[in-house]
Amino acid sequence: MGCCQSSLLPETHPEKHRNHHHNSSTSAPHRHPPPPASGSDTPATTTTTTPEVVPAFSEFSFADLKAATNNFSSDFIVSESGEKAPNVVYKGRLKNQRWIAVKKFTKLAWPDPKQFAEEASGVGKLRHQRLANLIGYCCDGDERLLVTEFMPKETLSKHLFHWENQTIEWAMRLRVALYIAEALDYCSSEGYPLYHDLNAYRVLFDESGDPRLSCFGLMKNSRDGKSYSTNLAYTPPEYLRNGRVTPESVIYSFGTILLDLLSGKHIPPSHALDMIRGKNIILLMDSHLEGKFSTEEAEVVVDLASKCLQYEPRERPNTKELVLTLAPLNTMPDVPSHVMLGTSKQEESPSTPARPLSAMGEACSRIDLTAIHQILVMTHYRDDEGTNELSFQEWTQQMKDMLEARKRGDYAFRDKDLKTAIDCYSQFIDVGTMVSATVYARRSLCYLMCDQADAALRDAMQAQCVYPDWPTAFYMQSVALAKLDMQKDAIDMLNEAAALEEKRQKGGKG
């Protein structure tokens, strides 16, 4: 694990000297005090929700990130290109309930571990409400990973080009332009004027719907990467000549984002400039806006896009000029972004659980279905003792077939033959002579693993009815609620389960 001890990171990593079950990457030492909120002289122009305190930059162990992403499960991939992307991005959940995004680079993308650690450390010092901030990295053997704040409301690309219910309204498009300009201006003022491959995929939306700029583009180019992954038609002309990214190249790329916001399409700059020169601004505008935009504001944005896309780099505006031009267009500062975006505001989970969690609690908090399965297999039926009182006649006449069905279900559950397990457990439950909280819990997990969260929640609630104080019933409900995007209820249920577990350990059952 000590393969990338950078001179910037002289402190040893205390978690690595403890037993594994005490290891928590989120309690890593604070190596870098957060810098001021903004390095820009431009005053803030919009009132936004006060952001949650961003953790200090730290080093994560590979085991922590593996656990947080359910062993880098394909179900946790959030890259819009999925597994086809050269460097895949996963969502993950740490032990303290914080959601994170993890970018996993291909093997040896950064051959020099010291360079990777130094690059990550530098970007990790940046802290701004317009950034999806870098909160850590991992450098373990050939593994290279970056960890950022998780942005749950997807990308500008998704909302502009692949929307389902409604397109982004005009005022929100102006807000996106301003916020990303502010992010670039902050980065430039902090000594990071270069941004690699700025495009609509790099603009993310947080839980409040506020647009933020991904910090991944601030890292210098790795050996296997490209500064521009898009079609050559969208690449700054000077980059085609010399292969170097400059601050002016970033402005050109910002101009392409302005075109995306205006048109709702990813159109080549040369084509857009022809339309602008021909005064065909209405033709350029997104038809899905249905004319619901200010022509005067659109003309300002079109003019700014034209300046950003100038062939000569020296003729393009700088980041402060971007902010000064766009700030007056932000005429609805009090309207929350999630309202403009047409989404509900997600309540953040508590940064720390109410109580320490057991192995079952940890697995449920991470929605780690594989770990939950292993625990339920090992627990077997010991928690069902005493929940059934049957007559001798019932035992002799009705139990044999029912217990045989349960036995077949147990074998199928152990082997993850989910359909067979559900069928056998259903046969056991439908007879009704004997009730088992464990069978309900097991069938609940089978439903979860088949993406049937509603059915899973019903079974977990039935398990609670059979055994009202059984922590596992509450834990399974928390997972099902999380799968149904009912995060606050899921956290409440998780804490209730932990409280019941604590009560049992102090003298109750088990």
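Predicted model, so just to flag it, every value in this text is computed and none were measured. (Residues numbered from 1 in each chain as written. Predicted model: local features only at pLDDT ≥ 70, side-chain atom pairs only at ≥ 80, totals over all residues. Heavy atoms only, no water.)

Please give an account of the overall build of the protein chain that cites residues and values.
Within the protein chain, the secondary structure is distributed over 19 helices and eight strands. Counting the 510 residues in the protein chain, one finds 55% classified as buried. Summed over all atoms, the accessible surface of the protein chain reaches about 23,400 Å², with 51% contributed by carbon and sulfur. (Helix = DSSP H or I, 4+ residues; strand = E, 2+ residues; numbered from the N terminus. Buried < 20%, exposed > 50% of the residue type's maximum accessible area, 1.4 Å probe, protein only. Areas by Shrake-Rupley, 256 points an atom, 1.4 Å probe, with all protein chains shown as cover.)

Tell me about the sheet that holds strand β8 (residues 211-214), and name the residues and values.
Read across the sheet, three strands follow the order β4-β8-β7 without closing on themselves; strand pairing throughout is mixed. The sheet is open, and its two edges are formed by β4 (131-132) and β7 (203-205), each paired on a single side. As paired strands, β4 and β8 are joined by two bridges and run parallel to one another. Its bridge partner lying in β8, Ala132 is registered against Ser214. (Pairing = 2+ DSSP bridges.)

Outline the environment of Arg244, listing residues and values.
By the secondary structure assignment, Arg244 is in the loop between α5 (237-242) and α6 (247-263). A relative accessible area of 52% places Arg244 in the exposed class. Beyond its immediate stretch of four places on either side in the chain, Arg244 contacts Tyr239 and Ser249. (Contact = heavy atoms within 4.5 Å.)

Help me get a handle on unusual backbone geometry, residues and values and all.
Located in the positive-phi region is Asn71, a residue other than glycine, with phi close to 60°. Tracing the chain through its elements places Asn71 in the loop between α1 (62-68) and β2 (88-93).

If you had to explain the state of the cysteines to someone new, which residues and values would you point to?
Scanning all chains against the criterion turns up zero disulfides. The closest cysteine sulfur to the non-disulfide-bonded Cys450 is located on Cys446, 6.8 Å from its own sulfur. Classification of Cys450 as partly exposed rests on a relative accessible area of 30%. (Disulfide = S-S within 2.5 Å.)

Tell me what's going on with the side chain of Arg442, and back it up with residues and numbers.
Relative to the elements of secondary structure, Arg442 occurs in helix α16 (residues 437-449). Of note is the side chain of Arg442, whose polar atom sits 3.1 Å from the side chain of Asp410. Apart from residues no more than four positions distant in its own chain, Arg442 is found in contact with Leu376, Val377, His380, Tyr381, Asp410, Phe413 and Tyr425. (Polar contact = N/O pair within 3.5 Å; in protein donor to acceptor, adjacent residues only side chain to side chain.)

Tell me about the side chain of Arg202, residues and numbers included.
Note on placement: Arg202 falls in the loop between α4 (170-189) and β7. Asp197 provides the closest opposite charge to the buried, unpaired Arg202, separated from it by 4.4 Å. Not counting residues up to four positions away in its chain, the partners in contact with Arg202 are Lys103, Tyr195, His196, Asp197, Arg212, Leu213, Ser214, Phe216 and Gly217. (Lys, Arg positive; Asp, Glu negative; His and termini not counted. Salt bridge = Lys/Arg side-chain N within 4 Å of Asp/Glu carboxyl O.)

I'd love a proper account of the environment of Leu94, names of residues and values included.
As for its position among the elements, Leu94 is in the loop between β2 and β3 (99-104). It is 7.6 Å that separates the C-alpha atoms of Leu94 and Asp64, two residues lying 30 residues apart in sequence.

I'd like to hear about the packing of α6 against helix α9 (residues 295-308), residue by residue, with values.
Running from amino to carboxyl end, α6 crosses α9 at an angle of 150°, the nearest separation of the two axes being 8 Å. When the axes of α6 and α9 are compared, the pair comes out roughly antiparallel. For the pair α6 and α9, the crossing hand works out as left-handed. Contacts between α6 and α9 involve Ile251, Tyr252, Phe254, Gly255, Leu258, Leu259 and Leu262 from the former and Ala298, Val301, Val302, Leu304, Ala305 and Cys308 from the latter. Partitioning the contact of α6 with α9 into residue classes produces twelve nonpolar, one polar and no charged. (Axes fitted to C-alpha atoms, helices over the stretch in contact; angles between N-to-C directions. Parallel < 35°, antiparallel > 145°, perpendicular 65-115°, else oblique. Left-handed = near helix turned anticlockwise from the far one by under 90°. Nonpolar A, V, L, I, M, F, W, Y, C, P; charged D, E, K, R; others polar.)

For the sheet that holds β3, give the residues involved together with the corresponding values.
An order of β1-β5-β6-β3-β2 is seen for the five strands of this open sheet, with the pairing classed as mixed. Two strands lie at the open edges of the sheet, namely β1 (58-59) and β2, each paired on one side alone. Each of β5 (134-140) and β6 (143-149) touches helix α2 (residues 113-124); the most contacted strand, β5, lies at about 170° to it.

I'd like a description of the pattern of salt bridges, backed by residues and values.
For the coordinates displayed, the defined rule picks out 15 salt bridges. In this structure, Asp415 engages Arg414 in a salt bridge whose closest nitrogen and oxygen atoms are separated by 3.2 Å. Residue Arg443 is joined to Asp459 by a salt bridge in which the shortest nitrogen-to-oxygen separation is 2.5 Å. Here Arg443, found in helix α16, pairs with Asp459, found in helix α17 (residues 453-466); they are 16 residues apart in sequence, far enough to count as distant. One exposure class covers both Arg443 and Asp459, and it is buried. One network of salt bridges, with partners in common, ties together Glu149, Asp206 and Arg212.

Could you give an account of helix α19 (residues 487-505), naming the residues involved and the relevant values?
Between its first and last C-alpha atoms α19 spans 27 Å; for 19 residues at 1.5 Å apiece the expected length is 27 Å, and the two agree. Here the buried face of α19 lies against β2, β3, α12 (359-365) and α18 (471-483). (Expected span 1.5 Å × (residues − 1).)

Residues and numbers for α2, please.
Its twelve residues give α2 an end-to-end C-alpha distance of 16 Å, which sits within 8% of 16 Å, the value for a rise of 1.5 Å per residue. Burial runs high along α2: nine of the twelve residues are buried. Tucked inside the fold, the buried residues of α2 contact β5 and β6. For α2, the side-chain oxygen to backbone nitrogen distance between the N-cap and Lys114 is 3.0 Å, and the N-cap itself is Asp112.

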